[in-house]
Amino acid sequence: MFAPGQLLLHRGFVGERLVFLKLARVVQHDERGLLLWIAHGTPILISLSEAGEGIRDMPYAEWITRREELRQMVRYGPDMLMFIPPQTAGAASAHSVWFFWDGRHNFGGWYGNLEEPSVLWSDGQLAGVDTTDQDLDIWVWPDRTWAWKDEDEFSERLAFPEHYWVPDPDAVRAEGVRLTKVIEAAEFPFDGTWTDYRPDPDWTWPLSVPDGYDRPRAR
C-alpha cells in the first residue's frame, strides 16, 4: 500500500514506449483502490512531434508519419482526483475514474477513462502507476447522465491497426458499457463519495520530473 502524501509517477505507455507522465500525490490507498490528487501547474512529460505538435493537432494518418520526442511541460489541465480500482486476480478493472471541479470548487462531474489495467510499482526510491490509455471515454455529469467521449478518435485510429495500440476495441467498449451500469445505479465511486474533497494545503511539488522516470514499464 502507498502512504498518504506519497509522490507517484503516473505513466502512460504505447507498448513499452513512455508517452505521458503526470505527478500525483496519494490521497488514500486501501481495499477499495488507489486515490490520487493531480494538480494544475505541475511538471508533466508528453510525447510531441519535433515541431511541437500533439496527436490531436492533425489526422492520425498524418501523425503516424511524425517523429515523436518526449518533452517536459507544465500541466495546464484542472486539479483532479483520480480513482484507480484495485487489480485482483480475475477482476482487473480496465478504467480509472476522474473527479473534476470548477474554479469555485463546485463539483463538475466524473470522467470514466478507459485504459489497460493499471500496474503499481515501487523500487524504494520512486513509485508509480503504469497503464495505456485506450482513447474511448465516458463523461458523466453530476446528475449521472452520461455520454461517450472521443468516439471519433477511437474510430479514426482503429483504421490503422498496424500503428494503433488498442488490439481489442470490443473489449474497450464492453468495459465502458459495464461502467455505465455502475453510473446509472449511482454505485461507488459515483455515489457522491469524495465530491467535496479538498487537497492537503501543505503538499508541495517538485519543479521537474524526478530522475529515474524512464525506468522500464512495469508489467
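Computed from a predicted structure; not experimentally measured.

Enquirer: Explain the layout of surface pockets to me, using residue names and the numbers behind them.
Expert: When its volume is computed, the largest pocket comes out at roughly 1,200 Å³. Together, 46 residues line the largest pocket, and F20, I46, I55, R56 and D133 are the ones closest to its centre. Counting residues per element, the lining of the largest pocket draws most heavily on strand β1 (residues 7-14), which supplies five residues. Of the voids in this model, the second largest pocket is the one considered here, and its volume is about 160 Å³. Lining the second largest pocket we find 14 residues, and of these F83, P85, S93, H95 and R178 sit closest to its centre. The element contributing the most residues to the lining of the second largest pocket is helix α3 (residues 169-184), with three residues. Split by residue class, the lining of the second largest pocket holds nine nonpolar, three polar and two charged.

Enquirer: Summarise α3; cite the residues concerned and give the values.
Expert: Taking 1.5 Å of rise per residue, the 16 residues of α3 would be expected to cover 22 Å, and the 23 Å separating its terminal C-alpha atoms lies within 8% of that figure. Regarding α3, the residues found buried are V172, E175, G176, L179, T180, V182 and I183. Down the axis of α3, the sector holding all buried residues measures 155 degrees, keeping them to one side. Within α3, the exposed residues directed more than 90 degrees away from the buried face are D170, K181 and E184. On its buried side, α3 packs onto β7 (95-101), β8 (107-115), β11 (133-140), β12 (146-149) and α2 (151-158). With its phi angle positive at about 55 degrees, A186 sits one or two positions after the end of α3.

Rules of the game
- Residues numbered from 1 in each chain as written.
- Predicted model: local features only at pLDDT ≥ 70, side-chain atom pairs only at ≥ 80, totals over all residues.
- Heavy atoms only, no water.
- 1 Å grid on protein atoms, 1.4 Å probe; cavity = no way out; pocket = protein on both sides within 12 Å on 5 of 7 lines; lining within 4 Å.
- Points joined across faces, edges and corners; volume = space filled by probe spheres on them.
- Helix = DSSP H or I, 4+ residues; strand = E, 2+ residues; numbered from the N terminus.
- Nonpolar A, V, L, I, M, F, W, Y, C, P; charged D, E, K, R; others polar.
- Expected span 1.5 Å × (residues − 1).
- Buried < 20%, exposed > 50% of the residue type's maximum accessible area, 1.4 Å probe, protein only.
- Arc of directions from axis to C-beta.
- Contact = heavy atoms within 4.5 Å.

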